[in-house]
Amino acid sequence: DKDLIDFVATIMQEEHQESMNKVDPISQNWEIKNNEQNSQLPTVPIQLESRYDAVAWIDSGSQKTLISEQFFLKIRQEWSDKKTKMRRRHHNVTLLSASGNELPTEGMVHLIVNIGGVRSFHEMIIMKDTPRTESLFKNVDVVLGIDYLKRNAATLYAEREDIQLKRGRPVPFIRESPITNDTRC
């Protein structure tokens, strides 16, 4: 899938960032500096499958929406085998970071996502738990990519610090999830 090959996970640009000694590209449009000079991405509360509260980074630089393997397994443990077969696909999905490194995945899953009262069924790539991905998902469960944002006509309001889907209510950003050097892949 060309979209997956072209996956521009700017969270994965640490090598470029180190070589250029610039602000992390994933947060260049959303940079918020605090006293310790940590940058932040917009982070919002979401609900998956109508019962699992989760925290999601909004990453318009990511072509696809991602879920941590650990959080997916928490949801999966209550599913029947039939539901798992219907909702999970074990396709070999290859993701590449901006630096060209392959990122391990565990297939895809279709989940119900609720943000601001808008429920939608969306496909997510399950990121295999490794030291690299564990640092990515240290403070969040999901990375909402441009695929989700476009499909749900999301508008990010930087001044108000919230997100609003076309048919939903505004949802304020969470401010406690900084991206530091050790949380970038």
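Because the structure is a prediction, the values reported are computed rather than measured.

So, on to helix H3 (residues 69-76). Glu 69, Phe 71, Phe 72 and Ile 75 are the residues of H3 that are buried. When H3 is viewed along its axis, its buried side chains cluster within an angular range of 160° and face the same direction. Residues of H3 that are buried in the fold lie against strand S2 (43-48), strand S3 (52-58), strand S4 (66-68), strand S5 (88-89), strand S8 (105-115) and strand S9 (118-127).

Glancing now at the pattern of salt bridges. Inspection of the entire model under this criterion finds eight salt bridges. A salt bridge links Asp 81 to Arg 76; the nearest nitrogen and oxygen atoms lie 3.7 Å apart. Given a relative accessible area of 58%, Asp 81 falls into the exposed group. Across the salt bridge formed by Glu 106 and Arg 88, the nearest N and O atoms sit 3.9 Å from each other.

With that settled, consider the environment of Ile 67. Residue placement: Ile 67 occurs in strand S4. Judged by relative accessible area, which is 0%, Ile 67 ranks as buried. Taking C-alpha positions, Ile 67 is 9.0 Å from Val 109, a pair spaced 42 residues apart along the chain.

Definitions and cut-offs
Residues numbered from 1 in each chain as written. Predicted model: local features only at pLDDT ≥ 70, side-chain atom pairs only at ≥ 80, totals over all residues. Heavy atoms only, no water. Buried < 20%, exposed > 50% of the residue type's maximum accessible area, 1.4 Å probe, protein only. Helix = DSSP H or I, 4+ residues; strand = E, 2+ residues; numbered from the N terminus. Arc of directions from axis to C-beta. Contact = heavy atoms within 4.5 Å. Salt bridge = Lys/Arg side-chain N within 4 Å of Asp/Glu carboxyl O.

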